[in-house]
Amino acid sequence: MAYYNRLGKPLRNLNKMEYLRAGECASIYHNSEIIFKEYFSETPQKHKLKEDVFDILKDIDNPNFIKLLEIYSNMNLQELVQLKTHMKKFIVDAYTAKYYDEKEINPLYETVDYLLDNFHELEKLFDLFTSNSIIVDDTKRENTIITKERIILIDPDSFYISTKVKEKIAFNNKTHLLILFKSIWTHSMPNIENQREALRDFYTKISDIPIDSTTNITYELSKKLKYVKKPIDYVII
């Protein structure tokens, strides 16, 4: 068995990659340039990157979104022949993408502009997903890379193309953008004495943000944070 792309070309030099981490659905390996995400054999197809979604996402050139490279299927030589003769459907078993070296920074201790500028770019990215009828799902801190320069959205495995009207897709994606903001904030909270109370206060303060298909989430967040220099000041002042 080996990994082949849709043209039947094999993925080489896998043995030169180092183990990075594993999640619920896959293991990830890397070298200095790319990551290789290998789904577990028992991972359902609904939790894997969809072929039609990949074809859209791989052409997105956005510094706040993972650069996807190629999708692969794990096949033996007989299955490879069947693929090339159109007797076998291509099944996504793995993919490659650009490798990002995450730095140890806490976005709550950066300037407010860092957080808002990044979410402004992420919101434009989510709007692009909407225009391509892509439903965003599973947005959380674990599915981001945070560097000194930007917040990068990774792991689009649960994204899918929807036939819903654009207003409903936009509402879903705006909602998940705010979910992402909450998740990053929660996971970035320091271990302070009143942490639970501070988080409860934070959720109360942003719970009144109205969401519809046209909401500018970043603008609504900026109104909440306009009196602080660093996001952490919002919960400990």
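Now for a description of the structure that goes with this document. Numbers given for residues are sequential positions, taken from 1 along each chain in its written order. Residue-level local features of this predicted model are given only where pLDDT is at least 70; pairs of side-chain atoms are given and counted only at 80 or more, and the full residue set underlies all totals for whole chains, interfaces and linings. Side-chain measures here rest on the full set of heavy atoms in the structure, leaving out hydrogens and waters.

### Observations regarding the overall build of the protein
Next up, step 1: The number of helices and strands found in the protein is seven helices and ten strands.
Next up, step 2: Along the first, second and third principal axes, the C-alpha set of the protein runs to 65 × 40 × 30 Å.
Next up, step 3: Buried means the residue's accessible area, taken with a 1.4 Å probe over protein chains only, is under 20% of the maximum for its type, while exposed means over 50%, and partly exposed covers the values in between. Out of the 237 residues belonging to the protein, those deemed buried represent 47%.
Next up, step 4: Here, two residues are considered to be in contact whenever any of their heavy atoms come within 4.5 Å of each other. The long-range fraction of contacts in the protein, counting pairs at least 24 apart against all pairs at least 6 apart in sequence, stands at 70%.
Next up, step 5: Only the protein chains shown count as cover for residues, and the accessible areas themselves come from Shrake-Rupley with a 1.4 Å probe. Working note: accessible area of the protein is about 12900 Å², and carbon and sulfur atoms make up 50% of it.
Next up, step 6: Think of it this way: Lys and Arg go in the positive column, Asp and Glu in the negative one, and His and the chain ends go nowhere. Charge positions come from single atoms, namely NZ of Lys, CZ of Arg, CG of Asp or CD of Glu. Positive and negative charge centroids in the protein, built from 34 and 36 side chains respectively, lie 2 Å apart. Helix and strand assignments come from DSSP, with helices taken as H or I runs of at least 4 residues and strands as E runs of at least 2, each series counted from the N terminus.

### Some details on the packing of helix 3 (residues 112-131) against helix 6 (residues 217-225)
Next up, step 1: Geometry is summarised by axes, namely lines fitted to C-alpha atoms with helices restricted to the contacting stretch, and by angles between N-to-C directions that run from 0 to 180 degrees. The N-to-C vectors of helix 3 and helix 6 enclose an angle of 165°; their axes lie 9 Å apart at closest approach. One finds that helix 3 runs roughly antiparallel with respect to helix 6. As for how helix 3 packs across helix 6, the hand of that crossing is right-handed. Facing helix 3, whose interface residues are Val112, Leu116, Phe119, His120 and Glu123, helix 6 presents Ile217, Thr218, Leu221, Ser222 and Leu225. In these notes the angle categories are as follows: under 35 degrees is roughly parallel, over 145 is roughly antiparallel, 65 to 115 is roughly perpendicular, and the rest is oblique. Less than a right angle of anticlockwise turn of the near helix away from the far helix marks a crossing as left-handed, whereas a clockwise turn marks it as right-handed.

### Some points on the pairing of strand 3 (residues 26-30)
Next up, step 1: In terms of residue burial, strand 3 counts as a mostly covered element, since four of its five residues are buried.
Next up, step 2: Looking at chain direction, strand 2 (residues 18-22) and strand 3 are connected through four bridges and run antiparallel. When the bridges of strand 3 are listed, Glu18 appears paired with His30.
Next up, step 3: Once strand 2 ends, the chain turns through three residues before running back antiparallel as strand 3.
Next up, step 4: Note on pairing: DSSP must find at least two bridges between two strands before they are called paired. Hairpin connection between strand 3 and strand 4 (residues 34-39): a loop of three residues separates the two successive antiparallel strands.

### Some remarks on the packing of aromatic side chains
Next up, step 1: Aromatic contacts are taken between Phe, Tyr and Trp rings whose centres are within 6.5 Å, Trp giving its six-membered ring; a plane angle under 30 degrees counts as stacked, one over 60 as edge-to-face, and the others as tilted. This model, assessed by the stated rule, comprises twelve aromatic pairs.
Next up, step 2: Taken together, a centroid distance of 5.7 Å and an interplanar angle of 45° make the contact between Phe181 and Trp185 tilted. Of this pair, Phe181 and Trp185 both sit in helix 4 (residues 166-188), four residues apart, which is roughly one turn of that helix.
Next up, step 3: Under the relative-accessibility criterion, Trp185 is labelled buried at 1%.

### Overview of the sheet that holds strand 4
Next up, step 1: Overall, antiparallel pairing links the six strands, which are arranged 1-5-6-4-3-2 in an open sheet. Every other strand in the sheet has two partners, leaving strand 1 (2-4) and strand 2 as the edge strands with one partner each. The mean angle between the axes of side-by-side strands here comes to 30°, regardless of whether they run parallel or antiparallel.
Next up, step 2: Taken together, the three bridges between strand 1 and strand 5 (residues 68-75) define a ladder with antiparallel strand orientation. When the bridges of strand 5 are listed, Ala2 appears paired with Met75.
Next up, step 3: The strands touched by helix 2 (residues 77-84) within the sheet are strand 1 and strand 5, with strand 5 carrying the most contacts at an inclination of about 120°.

In short, shape yes, function no, at least from these values alone.
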